[in-house]
Amino acid sequence: MKPIIKVCGMRDPQLIDLCIRLGTKLIGFILNYPKSPRNITFEQLEELTKNIPKEIGTVAVMVNPSLDDVGKANNYVNTLQLHGDETNEFIKKIREKFSNLKIFKALKIKEKKDLEQINHYPDADNILLDTPAMGDSHASAFNFNLLEGLNEKNFFLAGKISSENVKTALKYTNMIDVNSSLEEEVGIKNADKISKFFKELNTYEN
C-alpha cells in the first residue's frame, strides 16, 4: 500500500509547496500553543492554508483546545489533531458541532501497555502514535519494538521518523508523520532533508 505522509510543524509556504510537489498528503500546523517552537497563530494559519489544494489534508494540531478555538481552526483546515488530555467525550462534542472535521487523536507511547489507549477513542477518525516527548528534536525516536504483535494497522506513526528509519516504520503502518527529523534547527525545516526523505520513500516497495 502506498505510504501516506503527513509533514507537521510547517510555517514556510515555499516548503509547504515543496512537500506537496513531492507527494505529501497532509500538512500539519501547530496552532495556538506557544510552548512549541513551531507554533503559529490563527492569522498565520489563514495565510499558510489559502493556496493549499483542496485534496491535501490540512491539519490543525492543538493541545486541549476549547470548542471556540476548534471553531476558529475549522475556518481554515479540514482535520483536527488533538495532542493533549482530550477524552472521547470531547471528540463527540466536536463531531456534534463541526461534523465536517476529521479528528485525529495523538497518544504518547512509552511502553507496550500504553497501546491500550487506542481503544479509548472509538470516535476518532484516526490515532497517531508518538513518543512521550512529542516533537522534541532531542528526544529518542519511536521504539518500533513496542509495535510487534499489534494487529491494528490503521494509525499514524510519529517520533523522529526520518529517511534513515522510515522503511522500518512502514512495516507497521503505511501512515507516517514527520516533523523534527526534517529540520536544520528547531522549528526550521530544511528543503534538502525534505527532498532526501521523499527520495527514500520513492524506493520503498511494500
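See the structure shown above.
Each value, and the rule that gives it
Residues numbered from 1 in each chain as written. Predicted model: local features only at pLDDT ≥ 70, side-chain atom pairs only at ≥ 80, totals over all residues. Heavy atoms only, no water. Helix = DSSP H or I, 4+ residues; strand = E, 2+ residues; numbered from the N terminus. Disulfide = S-S within 2.5 Å. Buried < 20%, exposed > 50% of the residue type's maximum accessible area, 1.4 Å probe, protein only. Axes fitted to C-alpha atoms, helices over the stretch in contact; angles between N-to-C directions. Parallel < 35°, antiparallel > 145°, perpendicular 65-115°, else oblique. Left-handed = near helix turned anticlockwise from the far one by under 90°. Contact = heavy atoms within 4.5 Å. Nonpolar A, V, L, I, M, F, W, Y, C, P; charged D, E, K, R; others polar.

Novice: When you look at unusual backbone geometry in this model, what are you seeing that I'm missing?
Specialist: Excluding glycine, residues mostly carry a negative phi; peptide bonds, for their part, are mostly trans. Positive phi outside glycine occurs at N64, with the angle close to 45°. Along the polypeptide, N64 turns up in the loop between β4 (57–62) and α3 (67–74).

Novice: What am I meant to see in the state of the cysteines here?
Specialist: Put plainly, a disulfide is one covalent bond tying together the sulfur atoms of two cysteines. Enumeration according to the criterion identifies 0 disulfides in this entry. Distance from the sulfur of C8, which forms no disulfide, to the nearest cysteine sulfur (C19) is 11 Å. On the basis of relative accessible area, C8 is assigned to the buried category, the value being 5%. Using a relative accessible area of 0% as the deciding quantity, one classes C19 as buried.

Novice: For this particular structure, what's the right way to read the environment of K54?
Specialist: Within the secondary structure, K54 is located in the loop between α2 (42–49) and β4. Spatially, the C-alpha atom of K54 lies 9.7 Å from that of V77, the residues being 23 residues apart in sequence.

Novice: So what exactly am I meant to see when it comes to the packing of helix α1 (residues 13–22) against helix α6 (residues 191–201) here?
Specialist: Packed helices, taken two at a time, are described by the angle between their axes plus the distance between the axes. Contact geometry for α1 and α6: axes closest at 10 Å, N-to-C directions at 10°. Accordingly, the angle class assigned to the pair α1 and α6 is roughly parallel. Here the hand of the crossing between α1 and α6 comes out right-handed. Taking contact as the criterion, the partners of L15, L18, C19 and L22 in α1 are, on α6, A191, I194, S195 and F198. Residues belonging to the contact of α1 with α6 are distributed by class as follows: 7 nonpolar, 1 polar and no charged.

By themselves, these observations are geometric and do not establish any function.
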